[in-house]
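Structure assessment
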Amino acid sequence: AKSGYDHYMKKEIHEQPRAIRQCLRGRIAEPDGGITLEGLADLEPEGMVQFVACGTSSNAARYGARLLREHGIPTQTFLASEYTADAVPVDEETLVVGVTQSGETADTMRALREANGAGATTLALTNTVGSSAARECDHVCYIRAGPEIGVAATKTFVSQQVALALFTGALVGDSDPAFLEGLRELPELVQTVLDSSRAREVADAYVDADAYFFIGREYTAPVAFEGALKMKEITYKHAEGFAAGELKHGPLALVTENTPVFALLTAGSRLEKTLGNVKEVQTRGAPVIAVTDVPEEVGRYADHVLEIPSTHPQLTPILANVQLQLVSYWVANRLGRSIDKPRNLAKSVTVE
Ligand code: M6R
C-alpha cells in the first residue's frame with residue numbers, strides 16, 4: 001500500500017502534485033478563468049468570514065484568511081477550541097468556514113454547531129464525503145486530496161491551501177490571470193521541488209540540534225507555524241514557528257548556535273524585513289536555512305538554501321511548505337521515529 005515508499009508520509013508528500021490536480025479539476029473555466037466550486041454558487045457573504053479549525057487545518061485557515069483580506073473581504077480566524085459564538089459577534093450575515101480534513105474533529109464540530117445555532121451560514125471545507133462536518137454545514141466544499149493515512153497532515157494541507165485559493169477566487173469573482181496561471185502550473189512546480197530538494201542534506205546537518213525555529217511574514221507566517229508543527233509532531237523535538245517580527249519580543253532569548261532557524265524569504269512577503277530578523281539570529285550564532293524563490297538575492301545571508309521555483313507571490317507559501325515537510329521527514333527518519341503514527345497522537349481527534 002505504501003507503493004515502495006518507506007512511509008505513508010513520504011508517499012503522501014509525493015502525491016501532492018496529483019492532489020492539487022484533483023482539487024483544481026473542473027473548477028477553473030477555460031478560457032475566461034471563472035472559478036466554480038460546487039455548493040458555493042449561491043453563497044454571497046455580506047458580513048464577516050470566520051474560520052474555525054485545529055492544528056494543521058488552522059494553519060491553512062490562516063493562509064486562506066490572508067488571501068480573503070487582501071481582496072477586501074473581512075475575516076477572523078479562530079482555533080476551534082477557542083471559539084464560542086457568544087464571545088464573538090456571529091449573526092445571520094456571518095459565514096463560518098470549518099476547515100477540517102477528517103470532518104470529525106470534536107472542537108471544530110462544536111464550533112460549527114454553535115455557529116449554526118447563532119444563525120450563521122456555515123461551510124465545511126473537508127476531505128471527507130459524508131463526514132459530520134459535511135452533514136452539519138449549510139454548504140460543503142471538498143478538497144479532494146484522497147485518503148491520507150499518515151497522522152501528519154501533508155497532502156491534505158496543500159489541498160486545503162489550494163481549495164482556499166479557489167474559494168477566494170470564487171468569492172471575489174474576477175481573478176487575477178497571473179494567480180490563475182500560478183494555480184494551473186502549481187502541480188508541476190511542486191514536482192520540481194520534490195525532484196530537486198536538498199532537504200535531506202539540511203536534515204543531516206542539523207539532526208542533533210536543540211530546537212528548530214521557523215520564521216515567516218505575511219503569506220509565509222502560516223507556513224512557519226506549520227513547519228514547526230510538523231517538526232514537533234514527527235521528530236518529538238522542540239520546534240516553534242514565529243511571525244518573523246515577533247522574534248525580538250521574546251523568542252530571540254532561545255536562539256543559540258544550536259538552534260537552526262528556517263527563514264521563509266520569498267519575494268512578495270516583505271523579504272527585506274525578514275532579512276533583518278535573519279541578521280538578529282545570526283548575531284547569536286544560529287545557522288540559517290533560507291527557503292526562497294530568490295536565492296541570488298538572499299543566498300549570501302544563509303548557511304543553506306532550499307530553493308523553490310518562482311511563481312505568483314501568494315502561491316509561494318505552498319511551495320515553501322513542501323521543503324519544510326521534507327526536512328521534518330528526514331530528521332524524523334534519521335532519529336528512527338514512528339513517522340506515520342507518532343506517539344500520543346491520533347489521526348482524527350474526536351474528544352474536546
Ligand atoms: O481533521 P482535521 O483537519 O480537523 O484535524 C485537525 C488536526 O487534528 C490536524 O490537522 C493535526 O494537527 C494534524 N494531524 C497535524 O499534522
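Relevant structure appears above.
Residues numbered from 1 in each chain as written. Predicted model: local features only at pLDDT ≥ 70, side-chain atom pairs only at ≥ 80, totals over all residues. Heavy atoms only, no water.

**Overview of the overall build of the chain**
The line we're drawing: Strands here are runs of E lasting at least two residues and helices are runs of H or I lasting at least four, both read from the DSSP assignment and numbered beginning at the N terminus. Contacts: residue pairs with any heavy atoms within 4.5 Å of one another. Areas reported here follow the Shrake-Rupley algorithm with a probe of radius 1.4 Å; residue values treat only the protein chains shown as occluding. In this count, Lys and Arg are taken as positive residues and Asp and Glu as negative ones, while His and the chain termini are left out. Lysine's charge is taken at NZ, arginine's at CZ, aspartate's at CG and glutamate's at CD.
The helix and strand inventory of the chain stands at twelve helices and ten strands. Judged by the C-alpha coordinates and their principal axes, the chain covers about 55 × 45 × 45 Å. Considering only contacts within the chain whose residues lie at least 6 apart along the sequence, 75% involve residues at least 24 apart. As displayed, the chain has an accessible area near 13800 Å², and 48% of this comes from carbon and sulfur atoms. Across the chain, the 33 positively charged side chains and the 46 negatively charged ones have centroids separated by 7 Å.

**Some words on the pattern of salt bridges**
Note the threshold: The salt bridge definition used is simple: a Lys or Arg side-chain nitrogen within 4 Å of an Asp or Glu carboxyl oxygen. Partly exposed describes any residue whose relative accessible area lies between the buried limit of under 20% and the exposed limit of over 50%, with all areas from a 1.4 Å probe on protein chains only and scaled to the type maximum.
Under the criterion given, the structure shown has 15 salt bridges. Glu15 is the salt-bridge partner of Lys11, the closest N and O atoms lying 3.0 Å from each other. For Glu15, a relative accessible area of 13% puts it in the buried group. Note that Lys155 is salt-bridged to Glu15, the shortest N-O span being 2.9 Å. In this pair, Lys155 sits in helix α6 (residues 155-172) while Glu15 sits in the loop between α1 (8-14) and α2 (16-24), placing the two residues 140 residues apart along the sequence. Glu15 shares its class with Lys155; the two are buried. What emerges from the salt-bridge pattern is a single network uniting Lys11, Glu15 and Lys155.

**Regarding the site of the ligand**
Note the threshold: Near residues are defined by distance, with any heavy atom within 4 Å of the molecule or strand qualifying the residue. For this analysis, a polar contact is any N or O atom pair within 3.5 Å, provided that within protein one partner can donate a hydrogen and the other can accept it, and provided that sequence-adjacent residues contribute only side-chain to side-chain pairs. With a 1 Å grid laid over protein atoms only, a set of points is called a cavity when a 1.4 Å probe fits there but cannot get out and a pocket when it is open yet has protein on both sides within 12 Å along at least five of seven lines; lining residues have an atom within 4 Å of a point. Cavity and pocket membership follows a simple rule, namely that a molecule belongs there if more than half of its atoms are within 2 Å of the grid points.
Within the structure, the ligand sits among 13 residues, and Ser57, Thr100, Ser102, Thr105 and Glu233 are positioned closest to it. Side-chain polar atom of Lys230 to an oxygen atom of the ligand: 2.8 Å apart, as the coordinates give it. Here an oxygen atom of the ligand and a side-chain polar atom of Glu233 are 2.4 Å apart. Coverage of the ligand by the protein amounts to 90% of the 410 Å² it exposes when considered alone. In this structure, the ligand is accommodated by the largest pocket. Elements represented by at least two residues in the shell around the ligand include exactly α3 (55-70) and α9 (221-235). Per element, the largest residue contribution to the shell around the ligand is three residues, and it comes from α3.

**Overview of the environment of His71**
Mapped onto the elements, His71 comes out in the loop between α3 and β2 (75-79). For His71 and Thr168, which are 97 residues apart along the polypeptide, the C-alpha to C-alpha distance reads 8.1 Å. Filtering out sequence-adjacent residues up to four positions away, His71 remains in contact with Thr168, Val172 and Gln314.

**A word on α3**
Heads up, the condition is: Multiplying one less than the number of residues by 1.5 Å gives the expected span of a helix.
An ideal rise of 1.5 Å per residue puts 22 Å on 16 residues; α3 measures up with 23 Å between its terminal C-alpha atoms. Residues of α3 that are buried include every one of Thr56, Ser57, Ser58, Asn59, Ala60, Ala61, Tyr63, Gly64, Ala65, Leu67 and Leu68, and no others. The inward-facing, buried residues of α3 contact β1 (49-53), β2, β3 (95-100), α6, α9 and α12 (316-334). Following α3 by one or two positions, Gly72 has its phi on the positive side, about 80°.

**Focus: the environment of Gly64**
By secondary structure assignment, the location of Gly64 is in helix α3. Among the residues examined, Gly64 registers a relative accessible area of 1% and is labelled buried. Through-space distance from the C-alpha of Gly64 to that of Tyr219 is 9.4 Å; in sequence the pair is 155 residues apart. Not counting residues up to four positions away in its chain, the partners in contact with Gly64 are Phe51, Leu164 and Thr168.

**Overview of the packing of aromatic side chains**
Keep this limit in mind: Pairing of aromatic rings covers Phe, Tyr and the six-membered ring of Trp, with a centre-to-centre limit of 6.5 Å; geometry is then stacked below 30 degrees between planes, edge-to-face above 60, and tilted otherwise. Cation placement over rings: the criterion is NZ of Lys or CZ of Arg within 6 Å of the ring centroid and within 35° of the ring normal.
All chains considered together, the criterion is met by five aromatic pairs. Their ring planes at 10° and their centres at 4.9 Å tell us that Phe214 and Phe262 sit as a pair that is stacked. Taken together, the residues span a long stretch of sequence, with Phe214 in strand β6 (residues 211-216) and Phe262 in strand β8 (residues 261-265) at a distance of 48 residues. Note on accessibility: Phe214 and Phe262 belong to one class, buried. A centroid spacing of 5.0 Å and a plane angle of 80° characterise the contact between Tyr329 and Trp330, whose relative ring orientation is edge-to-face. The class of Trp330 is buried, set by a relative accessible area of 14%. Positioned over the ring face of Tyr219 is Arg66, at 5.6 Å from the centre of the ring. Directly above the aromatic system of Tyr236 lies the positively charged group of Arg343, at a separation of 3.9 Å from the ring centroid.

**A few points about the side chain of Gln161**
Of note, Gln161 is situated in helix α6. Among the residues examined, Gln161 registers a relative accessible area of 1% and is labelled buried. Once residues within four sequence positions are removed from consideration, Gln161 is found in contact with Tyr63, Val223, Pro317 and Ile318.

Read these as geometric descriptors, not functional statements.
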